[in-house]
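A closer look at the structure
Okay, here's what each chain looks like letter by letter:
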Amino acid sequence: MYTADPARYEAMPYRRTGRSGLKLPALSLGLWHNFGPDRPVRTQRQTLRRAFDLGVTHFDLANNYGPPPGAAESAFGDALKADFASYRDGLVISTKAGYLMWPGPYGEWGSRKYLLSSLDQSLKRMGLDYVDIFYSHRPDPQTPLEETMGALHTAVQQGKALYVGISNYSPQQTREAARILGELGTPLLIHQPRYSMLDRAPEDDGLLDALEELQVGSIVFSPLAQGLLTGRYLDGIPAGSRAASESPFLSADTLTEELVGKLRALDEIAKSRGQSLAQLALAWVLRGGRVTSALVGASSPEQLEDSVAAIRNLDFDAEELARIDAIIRP
């Protein structure tokens, strides 16, 4: 039987999420790709246990994570029952709905019918009465925002979610979502955008500024840019990598000679800080406290340990930040 490490909270920093009372670990574990039937159950369980032992209290899912869709929630539900049942109140569990989950007109986007039906399915797969955070995974261009936010509010009113969030919303959509939810009495807790050293959109389009102004938390996905910032591609495209597998999220064409040169220069900065390139990238998105938490994936306990080690050095001096900017934005 699994018993959590009693010292698990000692090293991990916890950051308050916006103006709420909820604190999230600086690093959270996302279950996007590594918790389907194509991965050994033993490795999945070991990774989840190691995460919790390292102070990673937040596990982030979505209805369509797997593959196939739903598999990650089912696998996580099995792990909860086997290992974490007595630790439920020490966990923050989130899920989302918005992308295609089942065929037909009611299986994606942002209608009230889809969001609340999907949440019920997610709770059943995980064996839970409620999730801590329920997200609208993406804005729906054909559904009024009042309906989508109203569905999130209903989830809280029904006791099926404690907090609500949004993901992939523009700054303008975020402001409007926050306004609607505020009027309903269910504050917007958190936004989940894509953000990394190679993807500065939340800085450039004003999203981070909007979140600060609204006092809404942020948890960023793809802080390692689909693996580009792991150091895996410093010497070409290794067999078995995402770029070698014709993934829709990272193609071999992306790895130009210019980009590889930038990655190698960033790796030199990481070495000067006593970090791996992945640790540098995670520390960079967490710099200054603007981001509440960074989502990392992990295919093994060892990979997770390497990511969590980033918390040992989250500070940057002005020269380091200038060098990074000079590399990425010459």
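Whatever comes next refers back to the structure up there.
Residues numbered from 1 in each chain as written. Predicted model: local features only at pLDDT ≥ 70, side-chain atom pairs only at ≥ 80, totals over all residues. Heavy atoms only, no water.

**Quick notes on the overall build of the protein**
Secondary structure summary: the protein contains 11 helices and 10 strands in total. Since a compact globule built from 330 residues should have a radius of gyration of about 20 Å, the 19 Å found for the protein is in line with a globular shape. For the protein, the C-alpha atoms occupy an extent of roughly 50 × 50 × 40 Å along the three principal directions. By the burial criterion, 55% of the 330 residues in the protein qualify as buried. Counting contacts in the protein only where the partners sit at least 6 residues apart, residues at least 24 apart contribute 75% of the total. In the form shown here, the protein has an accessible surface area of approximately 14,500 Å², with 49% of it arising from carbon and sulfur atoms. Looking at the protein, you have 34 positive and 40 negative side-chain charges, and the mean spots of the two groups are 4 Å apart. (Helix = DSSP H or I, 4+ residues; strand = E, 2+ residues; numbered from the N terminus. Rg over C-alpha atoms; globule rule 2.2 N^0.38 Å. Buried < 20%, exposed > 50% of the residue type's maximum accessible area, 1.4 Å probe, protein only. Contact = heavy atoms within 4.5 Å. Areas by Shrake-Rupley, 256 points an atom, 1.4 Å probe, with all protein chains shown as cover. Lys, Arg positive; Asp, Glu negative; His and termini not counted. Charge placed at Lys NZ, Arg CZ, Asp CG, Glu CD.)

**Quick word on unusual backbone geometry**
Trans peptide bonds make up the majority, and among non-glycine residues the majority have a negative phi. The step from G66 to P67 runs through a cis peptide bond, and the omega angle for that step is -5°. Take P67: it is sitting in the loop between strand 4 (58-60) and helix 2 (71-84). Looking along the chain, the bond that leaves P67 and enters P68 is cis, with omega of -5°. Note on placement: P68 falls in the loop between strand 4 and helix 2.

**Section: the packing of aromatic side chains**
One pass over the full model with this rule turns up 9 aromatic pairs. Of the aromatic side chains, those joined through ring pairs into one cluster are Y2, F52, F59, F76, F84 and Y87. Positioned above the aromatic ring of W109, the side-chain terminus of R138 is 3.6 Å from the ring centre. (Phe/Tyr/Trp six-rings, centres within 6.5 Å; stacked < 30°, edge-to-face > 60°. Lys NZ or Arg CZ within 6 Å of the ring centre and 35° of its normal.)

**With respect to the pattern of salt bridges**
Side-chain pairs of opposite charge can arise where the charged atoms are in close proximity. In this structure the tally under the stated criterion is 23 salt bridges. R179 is paired through a salt bridge with E176; the nearest N and O atoms lie 2.5 Å apart. With R179 and E176 both in helix 5 (residues 171-184) and 3 residues apart, the pair spans about one turn of that helix. You can call R179 partly exposed: its relative accessible area is 36%. Under the relative-accessibility criterion, E176 is labelled partly exposed at 30%. Taken together, the shared-partner salt bridges connect R200, E203, R287 and D325 into one network. (Salt bridge = Lys/Arg side-chain N within 4 Å of Asp/Glu carboxyl O.)

**Things to note about helix 9 (residues 277-286)**
Burial analysis of helix 9 places 10 of its 10 residues in the buried class, the great majority of the element. The set of residues buried in helix 9 consists of L277, A278, Q279, L280, A281, L282, A283, W284, V285 and L286. A positive backbone phi angle near 75° is found at G288, which sits one or two residues after helix 9.

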